[in-house]
Amino acid sequence: HTCPRCHQTTRQNRTGRTQSGSQRYRCMHCGCKYTPEPKQHGYPDEMRKQAVQLYVDGMNLRRIARHLGIHHRTVSLWVQASAASLPEAPVPKEVKMAEMDELFTFIGHKKQIYILTLVDRQTRCYLGWKVVWERTQPAIQGMVDQAPKAKQYYSDAFDAYDRLWYHWGRYEISQGKTDTYSVEGDNAELRHYLARLARSSRCFSRCPNALACALRLFVFCYNRRQLYKQRFPAYPAHVKDFLDPLF
């Protein structure tokens, strides 16, 4: 190795490593310390992409961290950064029938929180979703107002749904699950793909923001997958494969 200060090539002794693992040297002629082959700080983009893909595909944060040999907090930050960089999730141009439902999970020290969902029956895309502490009429109305408008709405018999304004769309209460099978199926997909929502699990969110980021990331990929399946039903399509625009 050559000293960058005095350009001597002899008496270049090793003197530890940098935080990124690069070998440091000290010139015994002038005392200069240098790193001839510094490693790039941080992780490669390919590892970030793999971590987020594994998360969307249903693996929890700590398992991803063990698989990639990194800290689980690093994976969590990558997931949140990916969710923050997303545009709005794509939705169908026309919605005839929409279904509403909710599911619950836990935050922090087992405090219950709800996820409101609004789903298009034909494409099974999420038209809207919201993380709320209570299933109140204003919260559900806000989700309906922000979502694409449908001609017909269905839900279970929860009384708040009956008091909403549906922007001139019709509303009916489903008899059993005959008119809410799409939203029930999508909620089951949420619990399947997001480890933090799995029933009888120790994996749950520590704060509402972490839960919202996970939902935003999943809904974006899931809606893109559903719209792709509408156009190309014969081709295989996995949710994790629709992250490409992020990387």
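Described below are features of the structure shown in this document. Bear in mind the structure is a predicted one, so any value in this text is a computation, not a measurement.

1. Thoughts on the overall build of the protein
Move 1: Secondary structure assignment for the protein yields six helices and eight strands.
Move 2: Ordered by position from the N terminus, the helices and strands of the protein form the series β-β-β-α-α-α-β-β-β-α-β-β-α-α.
Move 3: On C-alpha atoms alone, the protein measures out to a radius of gyration of 25 Å, which is more than a quarter above the 18 Å that the 2.2 N^0.38 rule sets for 247 residues.
Move 4: Projected onto the principal axes, the alpha-carbon positions of the protein cover approximately 85 × 45 × 30 Å.
Move 5: Taken across its 247 residues, the protein has 43% of its residues classed as buried.
Move 6: With the model as given, the accessible surface of the protein reaches about 14,100 Å², and the carbon-plus-sulfur share is 49%.
Move 7: Distance between charge centroids for the protein: 15 Å, based on 38 positive and 22 negative side chains.

2. Quick word on the pairing of strand S6 (residues 126-132)
Regular strands show a simple pattern: their side chains alternate between the two faces of the sheet.
Move 1: Inspection of the sheet shows strand S5 (residues 111-120) paired to S6 by six bridges, in the antiparallel sense. Looking at S6, one finds that valine 119 is bridged to tyrosine 126.
Move 2: Hairpin connection from S5 to S6: five residues lie between these consecutive antiparallel strands, with arginine 124 at a positive phi of about 65°.

3. Describing the pattern of salt bridges
Move 1: All told, the structure shown has ten salt bridges when counted by the stated rule.
Move 2: The salt bridge involving aspartate 159 is made with arginine 163; its shortest N-O contact spans 3.7 Å.
Move 3: Classification of aspartate 159 as partly exposed rests on a relative accessible area of 45%.
Move 4: Connected via shared salt-bridge partners are Glu99, Arg121 and Asp179.

4. Some remarks on the nonpolar core
Move 1: In this structure, Tyr55, Val56, Val75, Leu190, Leu194, Leu217 and Phe218 are the most contacted members of the largest nonpolar core, which totals 38 residues.
Move 2: Mapped by element, the contributors of at least two residues to this core are helix H1 (45-56), helix H2 (61-68), helix H3 (72-84), strand S4 (95-107), S5, helix H5 (181-193) and helix H6 (208-231).
Move 3: Residue contributions to this core peak at ten residues, all from H6.
Move 4: Those residues in contact with tyrosine 55 that lie beyond four places of it in its chain are Leu61, Ile64, Val79, Tyr193, Leu194, Arg196, Ala214 and Leu217.

5. Quick word on the state of the cysteines
Move 1: Scanning the model with the defined rule gives zero disulfides in all.
Move 2: Free cysteine: cysteine 27, not disulfide-bonded; nearest cysteine sulfur from cysteine 6 at 3.5 Å.
Move 3: Not engaged in a disulfide, the cysteine cysteine 32 finds its nearest cysteine sulfur in cysteine 3; these two sulfurs lie 4.4 Å apart.

6. Regarding the side chain of serine 82
Move 1: Position of serine 82 among the secondary structure elements: in helix H3.
Move 2: On the basis of relative accessibility, which here comes to 7%, the residue serine 82 falls in the buried class.
Move 3: From its side chain, serine 82 meets the backbone oxygen of tryptophan 78 in a polar contact 2.9 Å long.

7. Quick word on the packing of H2 against H3
Move 1: At their nearest, the axes of H2 and H3 sit 8 Å apart, and the two run at 115° to each other. Here H2 is positioned roughly perpendicular relative to H3, judged by the angle of their axes. The way H2 lies across H3 gives a crossing that is right-handed. Within the contact between the two elements, H2 uses Leu61, Arg62, Ile64 and Ala65 and H3 uses His72, Val75, Ser76 and Val79.
Move 2: Within the contact of H2 with H3, the residues separate by chemical class into five nonpolar, two polar and one charged.

8. Focus on the layout of surface pockets
Move 1: As a volume, the largest pocket reaches approximately 630 Å³.
Move 2: As for the largest pocket, its lining consists of 21 residues, of which Leu61, Arg62, His72, Phe204 and Arg206 are closest to the centre.
Move 3: A per-element tally of the lining of the largest pocket places H3 first, with five residues.
Move 4: Taken together, the residues that form the lining of the largest pocket break down as ten nonpolar, six polar and five charged.
Move 5: Each pocket or cavity is described by its volume, and for the second largest pocket that value is around 360 Å³.
Move 6: Around the second largest pocket sit 18 residues that line it, and Glu88, Leu127, Gly128, Trp129 and Gln146 are the ones nearest its centre.
Move 7: Residue assignment for the lining of the second largest pocket shows that the elements contributing at least two residues are S6, helix H4 (137-146) and H6.
Move 8: If you tally residues by element for the lining of the second largest pocket, the top one is S6, at five residues.

Reading the values: the criteria
- Residues numbered from 1 in each chain as written.
- Predicted model: local features only at pLDDT ≥ 70, side-chain atom pairs only at ≥ 80, totals over all residues.
- Heavy atoms only, no water.
- Helix = DSSP H or I, 4+ residues; strand = E, 2+ residues; numbered from the N terminus.
- Rg over C-alpha atoms; globule rule 2.2 N^0.38 Å.
- Buried < 20%, exposed > 50% of the residue type's maximum accessible area, 1.4 Å probe, protein only.
- Areas by Shrake-Rupley, 256 points an atom, 1.4 Å probe, with all protein chains shown as cover.
- Lys, Arg positive; Asp, Glu negative; His and termini not counted.
- Charge placed at Lys NZ, Arg CZ, Asp CG, Glu CD.
- Pairing = 2+ DSSP bridges.
- Salt bridge = Lys/Arg side-chain N within 4 Å of Asp/Glu carboxyl O.
- Core = buried A, V, L, I, M, F, W, Y, C linked by side-chain atoms within 4.5 Å.
- Contact = heavy atoms within 4.5 Å.
- Disulfide = S-S within 2.5 Å.
- Polar contact = N/O pair within 3.5 Å; in protein donor to acceptor, adjacent residues only side chain to side chain.
- Axes fitted to C-alpha atoms, helices over the stretch in contact; angles between N-to-C directions.
- Parallel < 35°, antiparallel > 145°, perpendicular 65-115°, else oblique.
- Left-handed = near helix turned anticlockwise from the far one by under 90°.
- Nonpolar A, V, L, I, M, F, W, Y, C, P; charged D, E, K, R; others polar.
- 1 Å grid on protein atoms, 1.4 Å probe; cavity = no way out; pocket = protein on both sides within 12 Å on 5 of 7 lines; lining within 4 Å.
- Points joined across faces, edges and corners; volume = space filled by probe spheres on them.

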